[in-house]
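Each chain, written out:
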Amino acid sequence: MKKLVSSLFSPVPISRDRALGLSERLSALTTLSSSLEYLHQHKQLDPGGLNDWEIMKESPETKNLAIRKITEAVSGKKATVAIHAARAAVSVGLLFPGNSRWRGAGSLFLTASTSVLQTRHRYGTDGSDQVANLVQTATGLARLSKSSQTKDAFLWYVAMQASLSYAASGWVKLLGEKWRDGSALPGVMRTRTYGFESAYRLTQRYPKTAKYVQHSVLAMECLFPVVYLAGGKLTRPMIAAAGSFHVANGFVMGLGRFMTAFPAMHPMVAYTTAPKTHPLVAGRDDRAVKAAALLLAGGVAVAAATAAQRRAVVREGWPTSRKFITRHGNELMYETGGRDDETDAPVLVFCAGLTSTSEHFAWITERFVNDSDSAVVSYARAGYAGSLRRTNAPFVLDESVDDLEDLIRATVPAHRKAVLVGHSLGGELIRRVSARIPDRIAGLVYLDPSHPAELQRSERQSDGAKDLNDNITHAARYLSLGTGILMSRPGWLDRLPANYRDKVFAQYTDARLWKAGRREWAAVEKDFRSFDGDMPQVAAPALIIAAQQTVDQDPEQLLMYNELARVHRRGEVKVVEGADHDSLLTNALFAHKTVQHMTDFMKDSTGDPDSEPVVDEQGAQR
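What you see is a predicted model, and the numbers here were worked out from it, not measured in a lab.

K.L.:
Please explain the overall build of the protein chain as it appears in this structure.
P.N.:
A count of helices and strands for the protein chain gives 27 helices and eight strands. Accessible surface computed for the protein chain: about 29,400 Å², of which carbon and sulfur atoms make up 58%. A gap of 14 Å separates the mean positions of the 75 positive and 66 negative side-chain charges of the protein chain.

The following block contains the structure:
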């Protein structure tokens, strides 16, 4: 037993050249398998095939002109097939023993060809190709270097990347409820793409065992970096566990290349975890670890500084920003614009949606400020942007309604009425507040609004509620750790007016926005799940502007919009062709169409109070 334990919990001494050779061969097997698959499925390169270049060239990667030109050069079927044939030949050559520098050139050729073909084969590539590319780049450069220190630096790089990859994968899974409760594995096994019917049946027959297997995988991934503890004594069991996991993936999930791609990093892990007292690694240069630690510390410092700077920008607001204290002690930041003289024109008050910003209305508010007699008020709810939630009471949705009511009373002159404009959740808030102050309201404009019955009546909305909650929760957690510097700019952001983009991006990388959204969504879901189906009548006229994609994807939504229109003494529903829930505001063309609908509505909003709702036979006006 002692010998067994000693052999299991002991370092894996392996020389530098041996580690390079094993990693080269395993990654070459991955590339060989990949190219042979593409050669076998060469018909997919033909017109109409899965990798038809006329379709692939529209991918986001080809938006870069240089990448597009390079990819165009190899986009022909003959050229693509020739490259794959060359990749297969080089991969076979790397399977043979040897330590020649030419092996480095071969590995770099595989790296370069993989990168060139990445856009050409958008469908069919997976994580194994990326790992093989990483290993081949490191082994290729290490082979071409005459310095042992440089070689060790590349081996350390791959070894640390392996630990990071496993740990990141495990901890991200751990945040998911399905991975914690044991339902993820059966769920994957019953999918069409990665599933395996026999394995799924086993998970149903032996649920406890399936849960243990799933949690064992989580433990292996989360704890993989412990291979560097205890003098490398944990290297064997961790590598054995990881290797077994990839073999299982290959047989059960059909991810055959995983069996060689990820284990290609393991020889470098073994080399770097062995104690330097062992003769095979006595000359190893470990300065890469210190360099990585310094880079990590620097990255953390930069991330913290960036987060602090962005939060300062968010809290500062705009030069025209003002603040107001509500009955709950919350401090709301708001902006005003347009005519503030003695005109009787209504004041438009804008209320944004969940995890949204007041700047989302920029295209609309600028048009009204510059081209009408109406004044504009836009604000951030407590917890968003520069608005602060001071109260310690448990949050309920009526708190936001109270805040909005207080803001209207404070910012809309007594001789002028307000037209409330709400997007998404903001639509529900303006509906609730209008019932409290009917004498101050000239009309309501709902922009693709929430409906209090949507989680009960819309299967799409109900199914998406859990994912929405998870996404908001994860964003709040990650950004609280200072990871905002890693957040990419969402595509819709660059469709806003240019002078708003940086401010909005700063808000979206601030954890406060997502924490406020999480708080609001919990209250919204509670209210909407318990809604009794009865909305009180509203005296003010209303305009519901729906995005076409919203009602096309969920017809129930249009029915609910019609119900909302009938709650008002005069209501109408209009659909903006081509718009979706966000682009209704962020796309200049759709936003300006929205402005036109709003302008026409405001001209007619003083009509006969006894008139019937204006809804056509199909339930909408286009």
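This is not the end of the story, as more comes after the structure.
K.L.:
Where do I start with the nonpolar core in this structure?
P.N.:
Note that soluble globular proteins tend to have their nonpolar side chains buried in a common cluster. Counting 69 residues, the largest nonpolar core has Val349, Leu404, Ile408, Leu420, Leu444 and Trp514 as its most contacted members. Residues within four places of leucine 420 in sequence aside, it is in contact with Val349, Ile408, Ile430, Val433, Ile441, Gly443, Leu444 and Val445. Counting residues in each nonpolar core, the second largest holds 36 residues, with Ala138, Val158, Met220 and Phe224 among its members.

K.L.:
Just to check I follow, could you spell out unusual backbone geometry for this structure?
P.N.:
A negative phi angle characterises most non-glycine residues, just as the trans form characterises most peptide bonds. Even without glycine at this site, alanine 230 takes up a positive phi of about 55°. Tracing the chain through its elements places alanine 230 in the loop between helix H12 (207-222) and helix H13 (235-252).

K.L.:
Even after reading the chapter, I still don't get the pairing of strand E2 (residues 331-337), so can you show me in this structure?
P.N.:
Two faces, one strand: in a regular strand the side chains alternate between the faces of the sheet. Counting buried residues along E2, six of its seven residues qualify, which places the element largely inside the surrounding structure. Where strand E1 (residues 322-325) lies against E2, four bridges are found, and the strand directions are antiparallel. Each bridged residue has a counterpart across the sheet, and for phenylalanine 324 the counterpart in E2 is leucine 332. Between E1 and E2, which pair antiparallel and follow one another directly, the connecting turn spans five residues, one of which, glycine 329, has a positive phi of 85°.

K.L.:
Sorry if this is basic, but what is going on with the layout of surface pockets here?
P.N.:
The gaps left among the atoms become clear once a water-sized probe is rolled over them. Space inside the largest pocket adds up to approximately 1,000 Å³. Along its surface, the largest pocket is lined by 34 residues, and Ser424, Gln461, Leu468, His581 and Asp582 are the ones closest to its centre. Elements supplying a minimum of two residues to the lining of the largest pocket: helix H21 (459-480), helix H23 (511-529), helix H24 (548-553) and helix H25 (555-567). If you tally residues by element for the lining of the largest pocket, the top one is H21, at seven residues. Classifying every residue of the lining of the largest pocket by side-chain character gives 13 nonpolar, 15 polar and six charged. Of the pockets and cavities examined, the second largest pocket occupies roughly 820 Å³.

K.L.:
Hey, could you run me through the packing of aromatic side chains in this one?
P.N.:
One pass over the full model with this rule turns up eight aromatic pairs. Relative to tyrosine 228, the ring of tryptophan 156 has its centre 5.6 Å away and its plane inclined at 25°; by these criteria the two rings are stacked. Of this pair, tryptophan 156 sits in helix H8 (residues 148-175) while tyrosine 228 sits in the loop between H12 and H13, placing them 72 residues apart in sequence. Centroid distance phenylalanine 350 to phenylalanine 361: 5.0 Å. Interplanar angle 50°. Geometry classified as tilted. With phenylalanine 350 in strand E3 (residues 347-351) and phenylalanine 361 in the loop between E3 and helix H17 (362-371), this residue pair connects regions lying eleven residues apart in the sequence. Both residues of the pair, phenylalanine 350 and phenylalanine 361, count as buried. Clustering of aromatic rings is evident, with ring pairs tying together Tyr166, Phe224, Phe258 and Phe262.

K.L.:
Which parts of the structure should I look at to understand the sheet that holds E3?
P.N.:
To summarise the sheet geometry, strands pair through backbone hydrogen bonds and adopt either a parallel or an antiparallel arrangement. Spatially, eight strands are ordered E1-E2-E4-E3-E5-E6-E7-E8 in an open sheet, and the strand pairing comes out mixed. Strand pairing shows two members of the sheet lacking a second neighbour, E1 and strand E8 (571-576), which therefore form its edges. Here the average twist between neighbouring strands, direction ignored, is 25°. Where strand E6 (residues 441-447) meets strand E7 (residues 542-547), four bridges bridge the pair, whose relative direction is parallel. When the bridges of E7 are listed, leucine 447 appears paired with isoleucine 545.

K.L.:
Explain the pattern of salt bridges here, please?
P.N.:
Oppositely charged side chains can form a pair if their charged atoms are brought close together. Under the defined criterion, the tally for this structure stands at 36 salt bridges. Across the pair glutamate 331 and lysine 323 runs a salt bridge whose closest N-O atoms are separated by 3.0 Å. Looking at glutamate 331, the relative accessible area reads 14%, which means it is buried. The exposure class assigned to lysine 323 is partly exposed, which follows from its relative accessible area of 45%. In this structure, arginine 457 and glutamate 563 form a salt bridge, with 2.8 Å as the shortest nitrogen-oxygen distance. In this pair, arginine 457 is assigned in helix H20 (residues 454-457) and glutamate 563 in helix H25, connecting sequence segments 106 residues apart.

K.L.:
Looking at this structure, how should I read the packing of helix H18 (residues 397-411) against helix H19 (residues 425-434)?
P.N.:
Axes are the key here: two packed helices are described by the angle between their axes and the distance separating the axes. Taken N-terminus to C-terminus, the directions of H18 and H19 make an angle of 65°; their axes are 9 Å apart at the nearest point. By the angle between their directions, the pair H18 and H19 is classed as roughly perpendicular. Considering the relative orientation of H18 and H19, their crossing is right-handed. Touching Leu397, Asp398, Ser400, Val401, Leu404, Glu405 and Ile408 of H18 are Leu425, Leu429, Ile430, Arg432 and Val433, all from H19. Of the residues that constitute the contact of H18 with H19, the class distribution is eight nonpolar, one polar and three charged.

Calculation criteria
- Residues numbered from 1 in each chain as written.
- Predicted model: local features only at pLDDT ≥ 70, side-chain atom pairs only at ≥ 80, totals over all residues.
- Heavy atoms only, no water.
- Helix = DSSP H or I, 4+ residues; strand = E, 2+ residues; numbered from the N terminus.
- Areas by Shrake-Rupley, 256 points an atom, 1.4 Å probe, with all protein chains shown as cover.
- Lys, Arg positive; Asp, Glu negative; His and termini not counted.
- Charge placed at Lys NZ, Arg CZ, Asp CG, Glu CD.
- Core = buried A, V, L, I, M, F, W, Y, C linked by side-chain atoms within 4.5 Å.
- Buried < 20%, exposed > 50% of the residue type's maximum accessible area, 1.4 Å probe, protein only.
- Contact = heavy atoms within 4.5 Å.
- Pairing = 2+ DSSP bridges.
- 1 Å grid on protein atoms, 1.4 Å probe; cavity = no way out; pocket = protein on both sides within 12 Å on 5 of 7 lines; lining within 4 Å.
- Points joined across faces, edges and corners; volume = space filled by probe spheres on them.
- Nonpolar A, V, L, I, M, F, W, Y, C, P; charged D, E, K, R; others polar.
- Phe/Tyr/Trp six-rings, centres within 6.5 Å; stacked < 30°, edge-to-face > 60°.
- Axes fitted to C-alpha atoms, helices over the stretch in contact; angles between N-to-C directions.
- Salt bridge = Lys/Arg side-chain N within 4 Å of Asp/Glu carboxyl O.
- Parallel < 35°, antiparallel > 145°, perpendicular 65-115°, else oblique.
- Left-handed = near helix turned anticlockwise from the far one by under 90°.

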